[in-house]
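Listed below are the residues making up each chain.
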Amino acid sequence: MYRTAHRVRVAYPGVGVVVLSRYSDASVAPTGGRRPVLTGSRLTGPDGPAGPNKIIRIVALLRAAVARYRFGRPAAIAVALYLTAAAVAAGYDGGRWFVVVAAAGFWPWDDGAGLLPAAIGVLNAWALWQILRGPAASRAGTLPRDVVWLRRLLYADVAGDLLLWEFLDDVSDVAEYAASWAVWAATMVLLVRALAGGVSARFRIIALGLGLTGVLAAALRPFAEVPLLTSSLLVAMATLGCKAMIMAGQGRDGRFSAVTVAIGWTALLVPQVYSLLQVGRVAFDGLSFAVHALDGLIVVWAARTAHELAAPGPGVAVPGTGRTPWLLATVVVLVLPMAVVGAEGDARLTYTSADEGCRDRLQPAAGLGPEERRRSFLCVARDETFAADSMFPEDLADQRVLAYGSQLCALPGDRERNALHERAGGTADTIELAAALEYLCPGIVARQNAEADRRQAERDRQEAAWKAEANARCADPWPGARARRQGTAAYMLSEGGGYAVFDDRDDSAGVPEDIYGGGDETADIFDAVEDGFIDVVGSSAAIVTNGDAAMCLTVKVFNRAPPLRLTGWDQVVEVGIASRSGRLVVPTYPEGGGSGAAGPLPDLAVAGPGHYRLRIYARTLPWDENDPDAPLEEHLLVVYPGRSTDKVVHRLRG
């Protein structure tokens, strides 16, 4: 017996030819020069099995596959780490976190890990390998400049879809939108130009036309007066048509493998077919979960396309090889098993109107990941608004609602967002819409509040200047009388005129400041008009004015009755009024407009709770042609303690 070495060449699909060196025991008897061959799972010679077991051969095949690609070793490490994390997650907390780690998605917790998330985890591991492994170690010679830039753009698009666009979205929605479409536009142009294999000039022109139409529609969509659904459909159809032609052109180009083209067709067609089948239906089962995962194959297609552009190709394939039917069959084979696996449980990728309890599980947008923010946005967007209508049309697909929300985020202000929302058939007020968009574009509520604060500050500034200007036109008509409390201000009157003096803490008699039909227990302006000047009931008084233009009002509070002055006044009347709480006030001008004093006026109940005498002076002021806005009426209120309730008319208006 002696040991002899045999070298076996094994062809492995997708890996290449692997050379295995094995030692085997052989007898002295001649073998007729025949070499050992690999059959089944054993290395066998003419007289039977020989060599190590299957595991060693598999390891050798994997090592050969890793060595074949430029970045095979770090890619294999990354895949191993990913699978290790998935395995650890499968054993932690009953496997509930396995779905998040392995499938990068969400699944009902009571369903456990499940077969479908595990399958998607394997798909993700395969996709990670395809993306990170890089091109084959044996590459072509000097590549054309267009191909070099095309590969860079394809890798940039891969990086954007995986990480960059999400990071950029956190900085600026507009920047993310513009950058992603700019990269796609440049990639599309160079890819169409790089297609070989008998692709005609007409084919390229049509593909470029469709692609540029989609790019142009996407660029103009935030500004064009086109319904959102129409513009989104135009972008989607034009872009889809361009990608389909690119896939067809790749099928004729010998540089690209059939696997790469099949991946592209799968990523392109499966989500579209599924969306058409789900029109008008709300279905979130295993099939939708699987289709969502297959949608990410477009990143694998872009990475493999870039890899294969650098590899030495066998030449241009002959058109019309019958590859397209095989690709369509591949799509069917990939989709149908997912429908069977989908019966395992209902996936909840998004919150919709069918999930009535989603609002109870909503969390603040701060701290949520991108996927959970999109889910939360859909929950709010599918719910009823204050007006009992749906914020977005109920027949609008979730993907459209998300795209619509992203477009609204890109608009600069509330007015533009509300206008676009109404044109698209949505219903929501500014606050409701901002609360929903906060999940898609964090910070929109803060920006809205900051803008509202800025506008309010500007209104407050303008109102303060207006009040100061109005108060400057009024002066104390009795400056020589030294009162305990006093104040002068412009008094703004509402339509119909008239104003009140009342105890603002006495709620025993209804609403004392309501002088327009407030009730029998409070003063009424209509009774005051009938009297000719004033009506007093308990702790409130209603006083008539000549009109509803601004007037000047001065109040003076004394400890005892001051001297009576009639000179210069058209009307002087004195009445009794009570204060149950120890306050008597003239209303101040309210925020938002109405009737009240434009400046601070003091409490008139100088002696606390009790009875007071209220003396009202009134006169008409001459019109100032140099100041048309100057007040045309002036009142002086003199208040002092007094128990009498008698009405005394010192002077009537003539």
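The model shown is predicted, which means the values in this text are computed figures rather than measured ones.

Asks: Mind showing me how you'd approach the overall build of the protein chain here?
Replies: Within the protein chain, the secondary structure is distributed over 18 helices and 15 strands. Look at the contacts in the protein chain between residues 6 or more apart in sequence, and 69% of them connect residues 24 or more apart. A total accessible area of about 33600 Å² is found for the protein chain, and carbon and sulfur atoms account for 59% of it.

Asks: What am I meant to see in the side chain of Thr260 here?
Replies: Of note, Thr260 is situated in helix H9 (residues 258–277). Overall, Thr260 belongs to the buried group, its relative accessible area being 0%. In contact with Thr260, not counting residues within four places along its chain, are Gln250, Trp301, Arg304, Thr305 and Glu308.

Asks: Which parts of the structure should I look at to understand the confidence of the model for the protein chain?
Replies: For any part of a model where pLDDT is low, the fine detail of the predicted coordinates should not be relied upon. Averaged over every residue, the pLDDT of the protein chain is 76; the share at 70 or more is 74%. Across residues 1–51, where pLDDT falls below 50, the model places 86 contacts with residues more than four positions away in sequence or in other chains. Low confidence marks residues 106–113, where pLDDT is under 50. Its contacts with residues over four positions away, or in another chain, come to 26 contacts.

Asks: Just checking my understanding: could you explain the sheet that holds strand S13 (residues 610–620) for this structure?
Replies: Two pairing modes exist for strands in a sheet, parallel and antiparallel, and in both the strands are linked by backbone hydrogen bonds. The 7 strands lie next to each other as S12-S6-S10-S14-S13-S11-S15, forming an open sheet whose pairing is mixed. Both edges of this open sheet fall to strand S12 (596–597) and strand S15 (648–651), since each of them pairs with a single strand only. Bridge count for strand S6 (residues 485–492) against S12 is 2 bridges, and the pairing is antiparallel. Of the residues in S12, the one forming a bridge with Tyr491 is Ala597.

Asks: How should I be thinking about the sheet that holds strand S8 (residues 534–537) in this particular structure?
Replies: Read across the sheet, 3 strands follow the order S7-S9-S8 without closing on themselves; strand pairing throughout is antiparallel. Edge positions in the sheet fall to strand S7 (499–502) and S8, since each of these pairs with one other strand and no more. Taken over all neighbouring pairs, the strand axes of this sheet differ in orientation by 15° on average, direction set aside. For S7 and strand S9 (residues 540–543), the ladder comprises 4 bridges, and the chain directions are antiparallel. The residue bridging Tyr499 from the neighbouring strand is Ile543, located in S9.

Asks: So what exactly am I meant to see when it comes to the pattern of salt bridges here?
Replies: When their charged atoms lie close together, side chains carrying opposite charge are able to pair. Counted under the stated rule, the structure contains 17 salt bridges. Taking the shortest distance from any N to any O, the salt bridge between Glu458 and Arg461 comes out at 2.7 Å. With Glu458 and Arg461 both in helix H17 (residues 444–472), this residue pair falls 3 residues apart, about one helical turn. Arg473 is the salt-bridge partner of Asp627, the closest N and O atoms lying 2.7 Å from each other. A residue pair is termed long-range when its members are at least 10 positions apart, and Asp627 in the loop between S13 and strand S14 (633–641) and Arg473 in the loop between H17 and S6 qualify at 154 residues. Among the charged side chains, a salt-bridge network with shared partners connects Glu469, Arg473 and Asp627.

Asks: I'm lost on the nonpolar core in this one. Help?
Replies: What tends to happen in soluble globular proteins is that the nonpolar side chains get buried as a cluster. Formed by 49 residues in total, the largest nonpolar core has its most connected members in Leu150, Ile246, Leu297 and Trp301. Counting residues per element, the ones that place at least two in this core are helix H4 (115–132), helix H5 (145–171), helix H6 (173–194), helix H7 (201–220), helix H8 (228–252), H9, helix H10 (286–294) and helix H11 (297–309). With 8 residues, the single largest contributor to this core is H11. Beyond its immediate sequence surroundings of up to four residues, Ile246 is in contact with Trp184, Met188, Leu191, Val192, Leu195 and Trp301. With 29 residues, the next largest nonpolar core counts Tyr491, Leu493, Val555 and Leu614 among its residues.

Asks: How should I be thinking about H4 in this particular structure?
Replies: Because an α-helix completes one turn every 3.6 residues, residues spaced three or four positions apart along the sequence face the same direction. Here H4 is 18 residues long and its end C-alpha atoms lie 26 Å apart, about the 26 Å a rise of 1.5 Å per residue gives. Those residues of H4 not exposed but buried are Leu116, Pro117, Ile120, Gly121, Leu123, Ala125, Ala127, Trp129, Gln130 and Ile131.

Asks: Sorry, what's going on with the packing of helix H14 (residues 398–410) against helix H15 (residues 414–423) here?
Replies: In a pair of packed helices, the angle between the axes and the distance between the axes together describe the arrangement. Between H14 and H15, the shortest axis-to-axis distance is 9 Å and the interhelical angle comes to 150°. Considering their axes alone, H14 and H15 lie roughly antiparallel with respect to each other. Counted together, Tyr404, Gln407 and Leu408 of H14 and Arg417, Leu420 and His421 of H15 form the full contact between these two elements. In the contact of H14 with H15, the residues fall into 3 nonpolar, 2 polar and 1 charged.

Asks: What's the story with the packing of aromatic side chains in this structure? I'm lost.
Replies: For any pair of aromatic rings, geometry is given as the distance between the ring centres together with the angle between the planes. In the structure shown here, the tally under the stated rule is 5 aromatic pairs. Aromatic side chains Tyr69 and Trp129 sit 5.8 Å apart centroid to centroid with 80° between the ring planes, which places their arrangement in the edge-to-face category. With Tyr69 in the loop between helix H1 (54–68) and helix H2 (72–90) and Trp129 in helix H4, this pair connects stretches of sequence that are 60 residues apart. The burial state of Tyr69 is the same as that of Trp129; both residues are buried. Residues Trp569 and Tyr617 carry aromatic rings whose centres are separated by 5.4 Å and whose planes lie at 55° to one another, so their mutual orientation is tilted. Here the residue Trp569 occupies a position in the loop between strand S10 (551–557) and strand S11 (571–579), and Tyr617 occupies one in strand S13, the gap between them amounting to 48 residues. No difference in accessibility class separates Trp569 from Tyr617, as the two residues are buried. The residue whose ring lies beneath Arg133 is Tyr69, and the NZ or CZ to ring-centre distance is 4.2 Å.

Asks: I would appreciate a short explanation of the packing of helix H13 (residues 370–381) against H14 in the present structure.
Replies: Taken N-terminus to C-terminus, the directions of H13 and H14 make an angle of 100°; their axes are 10 Å apart at the nearest point. One finds that H13 runs roughly perpendicular with respect to H14. For the pair H13 and H14, contact is made by Arg374, Phe377, Leu378 and Ala381 and by Asp398, Val401, Leu402 and Gly405, respectively. Residues belonging to the contact of H13 with H14 are distributed by class as follows: 5 nonpolar, 1 polar and 2 charged.

Asks: What is the right way to look at a nonpolar patch on the surface in this model?
Replies: On the surface, a cluster of nonpolar side chains totalling about 330 Å² of accessible area is made up of Leu162, Leu163 and Phe167. On the secondary structure map, Leu162 appears in helix H5.

Thresholds, definitions, all that
Residues numbered from 1 in each chain as written. Predicted model: local features only at pLDDT ≥ 70, side-chain atom pairs only at ≥ 80, totals over all residues. Heavy atoms only, no water. Helix = DSSP H or I, 4+ residues; strand = E, 2+ residues; numbered from the N terminus. Contact = heavy atoms within 4.5 Å. Areas by Shrake-Rupley, 256 points an atom, 1.4 Å probe, with all protein chains shown as cover. Buried < 20%, exposed > 50% of the residue type's maximum accessible area, 1.4 Å probe, protein only. pLDDT = per-residue confidence, 0-100. Pairing = 2+ DSSP bridges. Axes fitted to C-alpha atoms, helices over the stretch in contact; angles between N-to-C directions. Salt bridge = Lys/Arg side-chain N within 4 Å of Asp/Glu carboxyl O. Core = buried A, V, L, I, M, F, W, Y, C linked by side-chain atoms within 4.5 Å. Expected span 1.5 Å × (residues − 1). Parallel < 35°, antiparallel > 145°, perpendicular 65-115°, else oblique. Nonpolar A, V, L, I, M, F, W, Y, C, P; charged D, E, K, R; others polar. Phe/Tyr/Trp six-rings, centres within 6.5 Å; stacked < 30°, edge-to-face > 60°. Lys NZ or Arg CZ within 6 Å of the ring centre and 35° of its normal. Patch = residues over 30% accessible without salt bridge, like charges linked within 9 Å, V, L, I, M, F, W, Y side chains within 5 Å.

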